[in-house]
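# Structural description and commentary
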2 protein chains.
Amino acid sequence: MRVRIEDVAKAAGVSMKTVSRVLNNEPTVRDATRERVQAAAKALNYRPDPSARRLAGRRSYLVALLYDNPSASYVMEALEGVVETCQAHHYGMMVQPLDYTDPELIAGIESLVAISKIDGLILTPPLTDMTALLDRLDELNIPHSCISPNNRRGGIGVTLQEHDAAQDMVSHLVELGHTRIAHIKGHSAHGASDWRLAGYRSGLRRAGLRYDPALVIDGEFSFDSGRAAAEALLALPERPTAIFAANDDMATGVMGVLHERGLSIPGDISVCGFDDTPISRQVFPALTTIHQPVREMAHEATLQLIKAIKDPASGTLVQLPYALQARQSTGPAPGT
Amino acid sequence: MRVRIEDVAKAAGVSMKTVSRVLNNEPTVRDATRERVQAAAKALNYRPDPSARRLAGRRSYLVALLYDNPSASYVMEALEGVVETCQAHHYGMMVQPLDYTDPELIAGIESLVAISKIDGLILTPPLTDMTALLDRLDELNIPHSCISPNNRRGGIGVTLQEHDAAQDMVSHLVELGHTRIAHIKGHSAHGASDWRLAGYRSGLRRAGLRYDPALVIDGEFSFDSGRAAAEALLALPERPTAIFAANDDMATGVMGVLHERGLSIPGDISVCGFDDTPISRQVFPALTTIHQPVREMAHEATLQLIKAIKDPASGTLVQLPYALQARQSTGPAPGT
DNA sequence: TTGAAAGCGCTAACAT
DNA sequence: ATGTTAGCGCTTTCAA
C-alpha cells in the first residue's frame, strides 16, 4: 500500500497533525520538528493523497482555466503556463472550453465551481471582458485571475500595454514612410479591440496624421474577416499603403487577398498583425507583429491567483512587456 | 450545506448504498427503486462530491491526456474531444505536457498515475509510438488509449489509414500530370512518418513511377525543416514538379522558400501537406492536404478508454476516415 | 508548539 | 434486491 501521513508521523516520531502542518506550511511548527518531518517524508517518498486532502479540507486545491478563444496557439501557450505553475504549487488544473455567447455561461461556471469546489479561476479574453461574469464572481467571492483583461475594474491578473503596442506599430509604419495606414479592428466582444484601435489612433496623432474613418474596418479576429476587410480597403478610391490588422489571423487573410490581386508585400502594401502566433513566421513574407509573452503571462496570472486564494486581500494586476517583432511584411512605403 | 447522498436516500426512502448503486449504474436495483432515487436526486439537485467518491472508491474517475506535440491546433482539437467525452461520462480530465526525450518520462508518468490514481491515459503521437512506454503501461495494467498509434501492437484507440491517405495524395498529383514527386519525411520518432513514406512509395508504384531516393528528404515536422528540405530539393540537378510534405508545417516552409525564389505555386511546383491544420487555409495559396478528424478521434479514443477502464477486456482500435482536401497549392504539372 | 478525536461524503465488503 | 458497517487519508476542531 502507499505511504500515508501516519507512516511519516511514525517515522518522524510526531503526530499526524504535525506532519499535516509541515506539509501545508503552517507556521506553528518548531524548525527542528519541521526538518525531521520533511526528512521522513522525503525518505518515504510520501505524496499526500489529493482526494483525501480535498475531502477533509473542504477545498479542491484545484484551479480551472476557462477559455473561449479561437486561437489554438494562444490557448496552448496559456495552458502550459498554467500547468507548470500549478504543478510547482501543488495545485491541480482543470480546463474548460466555453461558449461566451451561451446564455447559460454564468450558471455553467457556477455549477462547475460548486461541484468541483474549484478554488479559483483563470480567465482568458474575451471572458475577461464580460462584466456580468466578473460581477457574479465577485459577488460569490470566487477568486479569479485574468490574462489580458481589457477593462478598468482592477482585479488580479496580467496585462500588456496593448494601447502602447498598437501605437508603436503605427510608429513603425510611419518611420517607413507610410501615411495612409489602415486598421482592421478585432472582435467587438474583446476589449483588446478597443485598446488596439485607440493605440492606432494615438499613433496617427503622434505622427501628425489625420484619422480617416474610411480606413478603419470592422473585423472579427478571423481569417475570413481579414479577407473581407482587405477587399473593402482595396475597393477604396485611394487605397492604403499599409494595413495593420488587430491580430495575426486577420493579417493572413489580408495577405491572401493581396497575393491574389498580384500585389507585392511589402512592395505595394505593408501588412502587420498582433499576437506573434506561430503562423506569423510561417506565412510569406513573414509577418511583422507584436509579441505577447503568453506563457509567462499565464504563469504570472496563476501565481497571483494562488496568492489570492490563500489571502483574498493579496494578488495584484501585473504588467508584462510586449515587443514589436519586425519581419518582412512591412517595408518602405511605395515611392519612398 | 450542500446536498449529500444521505439526503437523497432519505427523500427516496432508501439507504445510502442504494442511492450509490443507482448513481453508478449498478444493475442490481429494481426499476421502480431506481426511478424513485433518480427523481429524488433530481429534485434535490444532487451532485456527488468527486473527492469523496475518489477517496472511498480508491480511484479517481480521472483520465489524463498526455502529449508532446508541437502542433497547438492538433492538441487543442484533441483536448476538446477528450473534455467533452469526459464530461458526458462523469470523468474528470487532467492534461500533461511531456517531453518525450526526457529519460525520466516513464517514471514521471508512473508517479502521475500513482499519485492522482489516474484511471486511464490518452496518448497522442509520438508517445503512441514509444514501445518502452507502452510496454510499461501494459505491465502495470494501466488502461491507455492511443490517438493515431503507428505501430502494430493492437491496443485500444483510434487510427487513420495514413498509408492510404499518403498514397491517395500521390495519386492526386499523378492525375495532375506530375512524375517527379518529392517527399519530405516527418520526424523519425513518429511512426506516422514511416507510414506516410510507405504510402508515398506505393502511390508511385501504383502509377508505375520509379522511386528515386534523391527525392526523399528527412524532415522533422517543423517549419524550418521544411525550408531546409525545399532548399535541398531545389538544388537537385533535375528538380521535382511536386513536393509532398509529411505535414502542413513543413509544407509552409517549402512554400516560403519557393516564394523567395520567385517560383509560382502551383504553376512551377505543386506543394501539399498532411493534417489539415488551420494554417493550411491561411497560407497562400491555400494548401492541399489530408484532413484528419482529430476531435472525433479524441472523442472515440476517450470512449474506448472509458470502456476499458470499466472492463479491461473491452475497448477496441477504431478506424476513422481521412479525406483528401484539395486546395490551390496543387495544380497541373508544368507543360501539361 | 503539539496531539487526540471527530469527521469530510462517499463506496467496499459483508450482511440480510 | 437492499441495508449495515467500516473505513478511504486527510484536515479540522479543540484540548493539552
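Rules and cut-offs
Residues numbered from 1 in each chain as written. Chains lettered and ligands numbered in written order. Predicted model: local features only at pLDDT ≥ 70, side-chain atom pairs only at ≥ 80, totals over all residues. Heavy atoms only, no water. Phe/Tyr/Trp six-rings, centres within 6.5 Å; stacked < 30°, edge-to-face > 60°. Helix = DSSP H or I, 4+ residues; strand = E, 2+ residues; numbered from the N terminus. Buried < 20%, exposed > 50% of the residue type's maximum accessible area, 1.4 Å probe, protein only. Polar contact = N/O pair within 3.5 Å; in protein donor to acceptor, adjacent residues only side chain to side chain. Contact = heavy atoms within 4.5 Å. Domains from an automatic or database assignment. Near = heavy atom within 4 Å. Pairing = 2+ DSSP bridges. Axes fitted to C-alpha atoms, helices over the stretch in contact; angles between N-to-C directions. Core = buried A, V, L, I, M, F, W, Y, C linked by side-chain atoms within 4.5 Å. Least-squares fit on C-alpha atoms with pLDDT ≥ 70 in both. Parallel < 35°, antiparallel > 145°, perpendicular 65-115°, else oblique. Left-handed = near helix turned anticlockwise from the far one by under 90°. Nonpolar A, V, L, I, M, F, W, Y, C, P; charged D, E, K, R; others polar. UniProt positions renumbered as here; feature names shortened; annotations may be inferred. Buried area = accessible area lost by both parts, 1.4 Å probe. Salt bridge = Lys/Arg side-chain N within 4 Å of Asp/Glu carboxyl O.

- Chain A appears in an unreviewed UniProt entry as LacI family DNA-binding transcriptional regulator from Marilutibacter penaei.

## What about the packing of aromatic side chains?
All names here are of chain A.
- Tallied over the full model, the rule gives three aromatic pairs over all chains.
- Both rings, one in Y200 and one in Y211, keep their centres 6.5 Å apart while their planes meet at 75°; by these two values the pair is edge-to-face. Remark: Y211 occurs in the loop between α9 (191–206) and β7 (216–217) and Y200 occurs in helix α9; sequence separation between them is 11 residues.
- By relative accessible area, which is 0% here, Y200 ends up buried.
- A relative accessible area of 26% places Y211 in the partly exposed class.

## Observations regarding the side chain of B:D275
Residue and element names in this part refer to chain B.
- Assignment of secondary structure puts D275 in the loop between β9 (270–272) and α12 (279–282).
- Reaching out from D275, the side chain makes a polar contact with the side chain of Q292 at a distance of 2.8 Å.
- If near-sequence neighbours (up to four positions away) are discounted, D275 is found in contact with R196, N247, D248, T289, I290, H291 and Q292.

## Some words on the domain arrangement of chain A
- Parsing chain A into structural domains produces domain 1 (5–56), domain 2 (62–160 + 294–322) and domain 3 (162–292).
- Using C-alpha coordinates to define each centre, domain 1 of chain A is positioned 57 Å away from domain 3 of chain A.

## Examining the protein's contact with DNA strand D
- Around DNA strand D, the structure places 26 residues, and the nearest of them are A:I5, A:K17, A:Y46, B:T18 and B:T33.
- Among all atoms of DNA strand D positioned within 4 Å of the protein, those belonging to sugar or phosphate total 60%.
- At 2.5 Å, a backbone N or O of A:I5 approaches a phosphate oxygen of DNA strand D.
- With respect to DNA strand D, the side chain of B:T33 contributes an N or O atom lying 2.6 Å from a phosphate oxygen.
- Looking at the surface near DNA strand D, the elements with two or more residues in it are α2 (16–23) and α4 (50–57) of chain A together with α2 (16–23) and α4 (50–57) of chain B.

## Re the sheet that holds strand β3 (residues 120–123) of chain B
Residues and elements named next belong to chain B.
- In space, the six strands of this open sheet follow the order β2-β1-β3-β4-β5-β11, with parallel pairing throughout. Edge positions in the sheet fall to β2 (92–97) and β11 (317–320), since each of these pairs with one other strand and no more. Across the sheet, the axes of successive neighbouring strands diverge by a mean angle of 20°, strand direction being ignored.

## Details of the nonpolar core
- By size, the foremost hydrophobic cluster in this structure holds 82 residues, and its most contacted members are A:Y200, A:F244, B:Y200 and B:F244.
- Dropping the residues within four chain positions of it, B:F244 is found in contact with B:A166, B:M169, B:V170, B:L173, B:A182, B:H183, B:I184, B:Y200, B:C272, B:G273 and B:F274.
- Among the nonpolar cores identified, the runner-up in size contains 58 residues, and A:Y67, A:I147, B:Y67 and B:M297 belong to it.

## Section: the pairing of strand β5 (residues 156–160) of chain A
Residue and element names in this part refer to chain A.
- Where burial is concerned, most of β5 is hidden: five out of the five residues are buried.
- Both faces of β5 are covered, namely the face carrying I156, V158 and L160 and the face carrying G157 and T159.
- Where β5 and strand β11 (residues 317–320) come together, four bridges link them in parallel fashion. Bridge assignment links G157 to a residue of β11, and that residue is L317.

## Details of the side chain of B:T288
Residues and elements named next belong to chain B.
- Residue placement: T288 occurs in the loop between α12 and β10 (289–291).
- From its side chain, T288 meets the backbone nitrogen of R327 in a polar contact 2.8 Å long.
- What T288 contacts, discounting residues up to four positions off in sequence, is M169, H172, V271, C272, G273, L324, Q325, A326, R327, Q328, S329 and T330.

## A closer look at the relation of the copies chain A and chain B
- Screw-axis analysis of chain A against chain B gives a translation of 0.0 Å along the axis, an RMSD of 0.1 Å, and a rotation angle of 180°. Interpreted geometrically, this transformation is the action of a two-fold axis. For chain A, the residue whose C-alpha comes nearest the rotation axis is A:S51, separated from it by 2.4 Å.

## What to know about the packing of helix α5 (residues 72–88) of chain A against helix α13 (residues 294–310) of chain A
Residues and elements named next belong to chain A.
- Close contact between α5 and α13 brings their axes to 7 Å; oriented N to C, the two are set at 40°. Judged on the interaxial angle alone, α13 and α5 are oblique. Of the two elements, α5 crosses α13, and the hand of that crossing is right-handed. Where α5 abuts α13, its residues Y74, E77, A78, E80, G81, V82, E84, T85 and C86 lie against V294, R295, A298, H299, T302 and L303.
- A class-by-class count of the residues in the contact of α5 with α13 yields seven nonpolar, four polar and four charged.

## Things to note about the UniProt feature "domain: HTH lacI-type" (unreviewed entry) in chain A
- UniProt records the feature "domain: HTH lacI-type" (unreviewed entry) for residues 3–57 of chain A in the present numbering.
- Helix makes up 69% of residues 3–57 of chain A and strand 0%, with an end-to-end C-alpha separation of 19 Å.

## So, unusual backbone geometry
Residue and element names in this part refer to chain A.
- Each neighbour pair has its own omega, and for I265 with P266 the value is 5°, a cis peptide bond.
- P285 follows F284 through a cis peptide bond whose omega is -10°.
- Summarising the element assignment, P285 is placed in the loop between α12 (279–282) and β10 (289–291).
- The residue F221 is not glycine, and still its phi comes out positive at about 70°.
- Mapped onto the fold, F221 is located in the loop between β7 and α10 (223–234).
- The exposure class of F221 is buried, given its relative accessible area of 9%.

## As for the sheet that holds strand β1 (residues 62–67) of chain A
Residues and elements named next belong to chain A.
- If you walk across this open sheet you meet the six strands as β2-β1-β3-β4-β5-β11, and the pairing is parallel. A single partner strand is all that each edge strand has here, and the edge strands are β2 (92–97) and β11. The mean inter-strand angle of the sheet, taken between neighbouring strand axes irrespective of direction, is 20°.
- As paired elements, strand β4 (residues 144–147) and β5 share three bridges and run parallel to each other. In the strand pairing of β5, I147 is matched with V158.
- Contacts between helix α6 (residues 105–116) and the sheet are confined to β1, β2 and β3 (120–123), with β1 contributing the most and set at about 165° to the helix.

## Points about the interface of chain A and chain B
- Taken together, the 37 residues of chain A in the interface contact 36 residues of chain B.
- Here chain A and chain B share an interface that buries about 3,200 Å² over both sides, 62% of which is from carbon and sulfur atoms.
- In terms of surface lost to chain B, no three residues of chain A exceed A:I115, A:Q282 and A:F284, which account for 19% of the buried area on that side.
- Counting every contact that joins chain A to chain B gives four salt bridges.
- Across the salt bridge formed by A:K117 and B:D49, the nearest N and O atoms sit 2.2 Å from each other.
- There are 12 residue pairs in polar contact (both at pLDDT 80 or more) connecting chain A and chain B.
- Of all elements in the fold, only α4, α5, β2, α6, α10, α11 (248–260) and α12 of chain A reach the threshold of two or more residues within the side of chain A that touches chain B.
- If you tally residues by element for the side of chain A that touches chain B, the top one is α5(A), at eight residues.
- Across the side of chain A that touches chain B, the residue classes break down as 19 nonpolar, eight polar and 10 charged.

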